[in-house]
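Topology and contacts: notes
Each chain, letter by letter, is given below.
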Amino acid sequence: FSLEIKDKIPLIIYSAPSYFSQTNVIPGLLPESVGGFTEFMKGRVVVPFNGSYFDLDHVIRHELVHVFQIAKLDAAVSRMTIQRVAYPPLWLIEGQAEFWSEEWDTEADLIVKDLVLSGNIPDISDLYQYEGTYLTYKLGQSVCIFIDSTYGSDKIVRIYENWYKARTFEEIIKLTLGSDLKELSAQWV
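Owing to the predicted nature of the structure, the values given are computational and were not obtained by experimental measurement.

1. Points about the nonpolar core
Core analysis: the biggest nonpolar cluster contains 31 residues, and I124, L139, F169 and L184 have the highest contact counts within it. For this core, the elements supplying multiple residues, two or more each, are α2 (53–77), α3 (90–101), α4 (106–117), α5 (134–151), α6 (155–161), α7 (169–177) and α8 (181–188). Per element, the largest residue contribution to this core is six residues, and it comes from α5. Ignoring any residue separated from it by four or fewer positions in sequence, one finds F169 in contact with P89, W91, L92, I159, W163 and L181.

Printed below as a string of structure tokens:
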């Protein structure tokens, strides 16, 4: 991200998933599918330890990407002349966190290939329909991998750097990649 975070990042690790599910760091109950979270208001990273150091490494890396995303957006928003406080779409936020925290694996490959071969792969502009599901993470990761390999490894970070320069996400994509969201989607599919 070409960004240094000067403040300490609080990291709360629960010794078991059952303790994590009872966390009082945020109000309300956590859905069973939550494997960790970054609290946006105080910047705390909260993860469970399920006995696997491999999983712990992945989840901490994933959540720390969110910490840097928030910091990068805050820096961009502070330069804004256009009044807009929207965050990037969830597929980008979670897809980038997956892309930067783990390798593309056979499970992700299976899911995306099944969507492609069955003719059910959505356009990027329709990925919001999968918010709250595992598909958001894997399809977003696939799009981020595509952007990285097709447009260059700096482009995902440039999306955040250009955040203050346009009113809509579509305009930011066009400004950053030179292609609009429809073209990007067609190329990705």
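Now, onward.
2. Here's the deal with the pattern of salt bridges
Within this structure, the stated rule accounts for nine salt bridges. Its salt-bridge partner being E161, residue K72 comes within 3.2 Å of it at the nearest N-O pair. Of this pair, K72 sits in helix α2 while E161 sits in helix α6, placing them 89 residues apart in sequence. Taking relative accessible area as the criterion, K72 reaches 10% and is therefore assigned buried.

3. Points about the packing of α4 against α5
The interhelical angle for the contact between α4 and α5, taken along N-to-C directions, is 90°, at an axis separation of 10 Å. The pairing of α4 with α5 is recorded here as roughly perpendicular in orientation. Facing α4, whose interface residues are E107, A108, I111, V112 and L115, α5 presents Y134, L135, K138, L139 and S142. Classifying every residue of the contact of α4 with α5 gives seven nonpolar, one polar and two charged.

4. Notes on empty space enclosed by the protein
Under the counting rule described, the total for this entry stands at one cavity of 30 Å³ or more. Taken as a whole, the largest cavity encloses approximately 40 Å³ of empty space. Along the walls of the largest cavity sit F40, H66, Q69, I70, L73, Y87 and I93, which together make up its complete lining. Ranked by residues supplied to the lining of the largest cavity, first place goes to α2 with four residues. For the lining of the largest cavity, the residue count by class is five nonpolar, two polar and no charged.

5. Observations regarding α7
Within α7, the full set of buried residues consists of F169, I172, I173, T176 and L177. Angular distribution of buried residues about the axis of α7 spans 100°; they occupy a single face of the element. Residues of α7 that are buried sit in contact with α3, α5, α6 and α8. Immediately downstream of α7, the backbone of G178 shows phi near 85°, a positive value.

6. Thoughts on α3
Under the 1.5 Å per step criterion, the end-to-end length of α3 is 16 Å for twelve residues, consistent within 8% with the ideal 16 Å. Across the twelve residues that make up α3, a large majority, ten, are buried. Structurally, α3 contributes buried residues whose contacts are with α2, α5, α6 and α7.

7. What about the layout of surface pockets?
Of the pockets and cavities examined, the largest pocket occupies roughly 1,000 Å³. Counting residues per element, the ones that place at least two in the lining of the largest pocket are α1 (17–20), β2 (37–38), α2, α3 and α5. The greatest single-element share of the lining of the largest pocket, amounting to eight residues, is contributed by α2. Lining the second largest pocket we find 16 residues, and of these I5, I9, K42, G43 and V67 sit closest to its centre. Considering every element that reaches the lining of the second largest pocket, the biggest residue donor is α2, with four residues. In terms of residue class, the lining of the second largest pocket is made up of eight nonpolar, two polar and six charged.

Cut-offs used in this document
Residues numbered from 1 in each chain as written. Predicted model: local features only at pLDDT ≥ 70, side-chain atom pairs only at ≥ 80, totals over all residues. Heavy atoms only, no water. Core = buried A, V, L, I, M, F, W, Y, C linked by side-chain atoms within 4.5 Å. Buried < 20%, exposed > 50% of the residue type's maximum accessible area, 1.4 Å probe, protein only. Helix = DSSP H or I, 4+ residues; strand = E, 2+ residues; numbered from the N terminus. Contact = heavy atoms within 4.5 Å. Salt bridge = Lys/Arg side-chain N within 4 Å of Asp/Glu carboxyl O. Axes fitted to C-alpha atoms, helices over the stretch in contact; angles between N-to-C directions. Parallel < 35°, antiparallel > 145°, perpendicular 65-115°, else oblique. Nonpolar A, V, L, I, M, F, W, Y, C, P; charged D, E, K, R; others polar. 1 Å grid on protein atoms, 1.4 Å probe; cavity = no way out; pocket = protein on both sides within 12 Å on 5 of 7 lines; lining within 4 Å. Points joined across faces, edges and corners; volume = space filled by probe spheres on them. Arc of directions from axis to C-beta. Expected span 1.5 Å × (residues − 1).

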